[in-house]
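Coordinates in review
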Amino acid sequence: MFWRMITKTLIRQKGKMFMIAFTVILGVSLSTAMMNVMLGVGDKVNRELKVYGANITVRHKDAALMGDLYGLTEGQGVNDKFLHEEDILKLKSIFWGFNILDFAPMLDGTARLEGVGDVSVVGTWPEKHAVLSTGEDLHTGLKSLRTWWEISGEWLTEDDNNAVMIGHLLASQNNIHAGDDIVLNGKTFRVKGIYNDGGQADGKILMTLPAVQELTNLPGKVSSIEVSALTTPDNDLARKAAQDPRSLSPDEYETWYCTAYVSAICHQIQEVIRDGVAKPVRQVAESEGTILNKTTLLMILITILSSIGSALAISNLITASVIERSQELGLLKALGAYNWQIAALVLVEVMMTGLIGGILGYFLGIGFAQIIGQTVFGSYIEIARMVILIVAVILFLVTLAGSIPAIRYLMALKPTEVLHGK
Amino acid sequence: MSSKILELKNVSKIYGNLKALADINLSVNAGDWLSIMGPSGSGKTTMINIIGCMDTPSTGSVILDGVDISRENAGSLTRIRRDKIGLIFQQFHLISYLTAVENVMVAQYYHSMPDEEEAMEALAKVGLADRARHLPAQLSGGEQQRVCIARALINSPQILLGDEPTGNLDEENEGIVVDIFRRLHDEGVTIIIVTHDPEVGDVAQRKIILEHGKVVGDIDQSATFGEALKLKGKGE
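Given the structure is predicted, the values throughout are model-derived calculations rather than measurements.

1. Looking at the environment of Glu252(A)
All names here are of chain A. Looking at the element boundaries, glutamate 252 is found in helix α8 (residues 250–257). For glutamate 252 and leucine 237, which are 15 residues apart along the polypeptide, the C-alpha to C-alpha distance reads 7.5 Å. Not counting residues up to four positions away in its chain, the partners in contact with glutamate 252 are Leu237, Lys240 and Ser247. Separated by 3.2 Å, the side chains of glutamate 252 and lysine 240 make a polar contact.

In structure tokens form, the structure reads like this:
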């Protein structure tokens, strides 16, 4: 009888129920979209921010110490401390190797540019293609870390050991153009491109790593490694670990080690790079965390506001429906129905309507999430299963909250008032 | 001698400055058929509401089947009403989207358990077996009221309470409904109805006249309402 009454009421009140379902569809679709974007946005935002360069640098521990103690970035104790080129590919073997997006070694040196004098040269991997021990194809290099560079000419390739790129400041001061030949330490190189970095690099010459290793007679050595990694914003645990991982309890250590905090990734990098000290480029890492936190907060606020809006709209619709049916509900009371039985009747009607609206709204929300993903991030947003549970809880609470005024009304409803018109 | 099923002792109901019922004393035996008449505002509906456990008196006590219901809470009154009272309304109050038999089954559902066969029997008793699958809108006023009576009877209540049960019916349907009451009375059902219609009221074995919330006449089957009102006029 209960379900017969529910079914027939739903059919009879299809107009109102449609409006309730429509309200739920709007609310749930927005919540679903926001939460899926929120959960998927971490990687998306991080990837977007990665265009602004590396967020971790690895240097020789002695060089890093000189930098920490005396603020030195070059000179004795810094320029004569090197990492091993053969260790670099091990970066992809760490626990969070999948989060290491790009990296490139840097070997700093000086060379005599004919007609100019001594200039700074930097050897790197402009591009690097390799097959890792895991069988994974690796494509990385400085080109991926300097996406903002304006290039006149072309980028160096992996095998351009007889070519260079020149910073636009150095090039303009010496009237060097792409396609020209220059002589460095007596050896001729073709200028393949002029780059504009907007920083100190504009006064340097960029070469392949083997070329600089040969010029400086430092085979197999690199000064530093720039790493771009996907990281999780720091929290108290991460900050505590950054001070000293040994201060963590075993449980804390496990949690920290298995979370992509920048400090955890740095720690793991140090485990594979001999004599290396990995440090976050704090400004970049913190900016990423701040933007990510603010984006997440915005999504949560939109979800909360849309839920409140839905609850208010549902509340009005249900209250109107209950007032319209007050004679029928009063009759049920007169026939012996307890308040809770009538409340259950109304709640189940609303919940069923909400459920239908919720299912439709969920799939619509997934569609919205994909539109946002494609429009804002240019990629597909991965659907998080946990959103189903969260949306179900929100839907239940919103529908319940929206039903409260109507339930209060029918609790106070006296059969005598509606059956005799008194 | 029949046992007392209902007793009102010094019952008053006060709404603000208005005394809807004033010091009413009344007792009804099981199997009685009682009519309550009186002009508008005399307190008939208030009395029906109190007897029907839909309201409580301001003062006095109401003993229904040996239980004082005058101080019961809303939940207890609902339970007592469900178990002991069958309600018939002037406006029928059938649920528009349920068929006749489903309307009867609703009362079963809130009492114990719906039984379609039993509900069909109740409809057959009021001559509506062939209209059981019709919606209220497809039934005449008299048929709707008979569904209402079947619904009131389905849980075998101790008192059948009617508020102007023929007030919305034509003469023919009024006769049908009165015949049903007569038959139920013969079967031993206690019936209390409020009516404006002396012809309906006179069929009862006992008549109460209410005025300004007071019982001004209590007469048996030997006299009609008309005679009682005349006597009352002479007495005044």
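2. Description of the interface of chain A and chain B
Each partner contributes residues to the interface: chain A has 26 residues there, and chain B has 28 residues. Regarding the contact of chain A and chain B, the summed buried area is about 2,600 Å², with carbon and sulfur atoms giving 63% of it. Taken together, chain A and chain B are joined by two salt bridges. Put simply, Lys8(A) and Glu102(B) hold a salt bridge, and the shortest N to O gap is 2.7 Å. Counting every contact that joins chain A to chain B gives six residue pairs in polar contact (both at pLDDT 80 or more). Residue assignment for the side of chain A that touches chain B shows that the elements contributing at least two residues are α1 (2–12), α11 (326–334), α12 (339–377) and α14 (415–419) of chain A.

3. Structural notes on the sheet that holds strand β5 (residues 67–68) of chain B
Residues and elements named next belong to chain B. With antiparallel pairing, the four strands of this open sheet are ordered in space as β2-β1-β4-β5. The two strands at the open ends of the sheet, each matched to only one other strand, are β2 (18–29) and β5. With eight bridges connecting them, strand β1 (residues 4–15) and β2 associate as antiparallel partners. By the bridge assignment for β2, isoleucine 14 is matched with lysine 19.

4. A look at the packing of α8(A) against helix α9 (residues 262–272) of chain A
Helix packing geometry: the angle between the two helix axes and the distance between the axes. Residue and element names in this part refer to chain A. Relative orientation of the contacting elements α8 and α9 amounts to 90 degrees, with a least axis distance of 8 Å. In terms of axis orientation, α8 runs roughly perpendicular to α9. The residues of α9 that touch α8, namely those facing Tyr253, Trp256 and Tyr257, are Ser263, Ala264, His267, Gln268 and Glu271. Class assignment of the residues belonging to the contact of α8 with α9 gives a composition of four nonpolar, three polar and one charged.

5. Looking at unusual backbone geometry
As a rule of thumb, non-glycine residues mostly have phi less than zero, and peptide bonds are mostly trans rather than cis. Residue and element names in this part refer to chain B. Notably, asparagine 10 is not glycine yet its phi reads approximately 50 degrees, a positive angle. If you trace the backbone, asparagine 10 turns up in strand β1. Residue classification places asparagine 10 among the partly exposed residues on the basis of a relative accessible area of 40%.

6. Regarding the packing of aromatic side chains
Here a ring pair, both rings aromatic, is described through the centre-centre distance and the interplanar angle of the planes. Applying the stated rule across the entire model yields eleven aromatic pairs over all chains. Ring centres of Trp149(A) and Tyr195(A) lie 4.1 Å apart, and the angle between their planes is 5 degrees; this geometry places the pair in the stacked category. One end of the pair, Trp149(A), is in the loop between α4 (142–145) and β7 (150–153); the other, Tyr195(A), is in strand β10 (residues 187–196), and 46 residues separate them in sequence. No difference in accessibility class separates Trp149(A) from Tyr195(A), as the two residues are buried. Taking 4.8 Å as the distance between ring centres and 70 degrees as the angle between the ring planes, the aromatic pair formed by Tyr109(B) and Tyr110(B) counts as edge-to-face. The class of Tyr109(B) is partly exposed, set by a relative accessible area of 23%. By way of ring pairs, the aromatic residues Phe95(A), Trp96(A), Tyr253(A), Trp256(A) and Tyr257(A) are connected into one cluster. Over the face of the ring belonging to Trp125(A) we find Lys128(A), whose NZ or CZ atom lies 4.7 Å from the ring centre.

7. Regarding helix α6 (residues 209–216) of chain A
Residues and elements named next belong to chain A. Three or more residues of α6 are buried, namely Leu209, Ala211, Val212, Gln213 and Leu215. Where α6 is buried, its residues touch β3 (100–113), β4 (117–124), β9 (181–184), β11 (205–208) and β12 (221–222). Taken from the residues just after α6, asparagine 217 is the one with a positive phi, measuring 60 degrees.

8. Some thoughts on the packing of helix α3 (residues 100–111) of chain B against helix α5 (residues 141–153) of chain B
Residues and elements named next belong to chain B. One way to put it is that α3 packs onto α5 with a least axis distance of 8 Å and a crossing angle of 30 degrees. Our classification of the angle between α3 and α5 gives roughly parallel. In this structure, α3 crosses over α5, and the sense of that crossing is right-handed. Contacts between α3 and α5 involve Ala100, Asn103, Val104 and Ala107 on the former and, on the latter, Val147, Ala150 and Arg151. Residue composition of the contact of α3 with α5, by class: five nonpolar, one polar and one charged.

9. Description of the side chain of Arg151(B)
Mapped onto the elements of the fold, Arg151(B) is located in helix α5. For the buried Arg151(B), which has no salt bridge, the nearest side chain bearing the opposite charge is Glu328(A), at an N-O separation of 10 Å. Ignoring any residue separated from it by four or fewer positions in sequence, one finds Arg151(B) in contact with Leu331(A), Leu335(A), Phe89(B), Phe92(B), His93(B), Leu94(B), Asn103(B), Val104(B) and Ala107(B).

10. Thoughts on a nonpolar patch on the surface
A contiguous nonpolar surface patch, about 480 Å² in accessible area, is contributed by Ile300(A), Ile304(A), Leu305(A), Ile308(A) and Leu312(A). By secondary structure assignment, the location of Leu305(A) is in helix α10 (residues 282–324).

11. Some thoughts on the confidence of the model for chain B
Per-residue pLDDT for chain B averages 85, and the proportion of residues at 70 or more is 93%. For this predicted complex, the interface confidence reaches an ipTM of 0.84, while the overall pTM sits at 0.63.

12. Considerations on the sheet that holds strand β10 (residues 214–220) of chain B
Residue and element names in this part refer to chain B. The mixed open sheet is built from six strands, whose spatial order is β6-β7-β8-β3-β9-β10. Whereas interior strands pair on both sides, the edge strands pair on one side only; in this sheet they are β6 (85–88) and β10. For this sheet, the mean inter-axis angle between neighbouring strands, taken without regard to orientation, is 15 degrees. Where strand β7 (residues 159–163) lies against strand β8 (residues 190–194), five bridges are found, and the strand directions are parallel. Bridge pairing in β8 places glycine 162 opposite isoleucine 193. Each of β6 and β7 is contacted by helix α2 (residues 74–84), which is oriented at about 80 degrees to β6, the strand it contacts most.

Cut-offs and rules
Residues numbered from 1 in each chain as written. Chains lettered and ligands numbered in written order. Predicted model: local features only at pLDDT ≥ 70, side-chain atom pairs only at ≥ 80, totals over all residues. Heavy atoms only, no water. Helix = DSSP H or I, 4+ residues; strand = E, 2+ residues; numbered from the N terminus. Contact = heavy atoms within 4.5 Å. Polar contact = N/O pair within 3.5 Å; in protein donor to acceptor, adjacent residues only side chain to side chain. Buried area = accessible area lost by both parts, 1.4 Å probe. Salt bridge = Lys/Arg side-chain N within 4 Å of Asp/Glu carboxyl O. Pairing = 2+ DSSP bridges. Axes fitted to C-alpha atoms, helices over the stretch in contact; angles between N-to-C directions. Parallel < 35°, antiparallel > 145°, perpendicular 65-115°, else oblique. Nonpolar A, V, L, I, M, F, W, Y, C, P; charged D, E, K, R; others polar. Buried < 20%, exposed > 50% of the residue type's maximum accessible area, 1.4 Å probe, protein only. Phe/Tyr/Trp six-rings, centres within 6.5 Å; stacked < 30°, edge-to-face > 60°. Lys NZ or Arg CZ within 6 Å of the ring centre and 35° of its normal. Left-handed = near helix turned anticlockwise from the far one by under 90°. Lys, Arg positive; Asp, Glu negative; His and termini not counted. Patch = residues over 30% accessible without salt bridge, like charges linked within 9 Å, V, L, I, M, F, W, Y side chains within 5 Å. Areas by Shrake-Rupley, 256 points an atom, 1.4 Å probe, with all protein chains shown as cover. pLDDT = per-residue confidence, 0-100.

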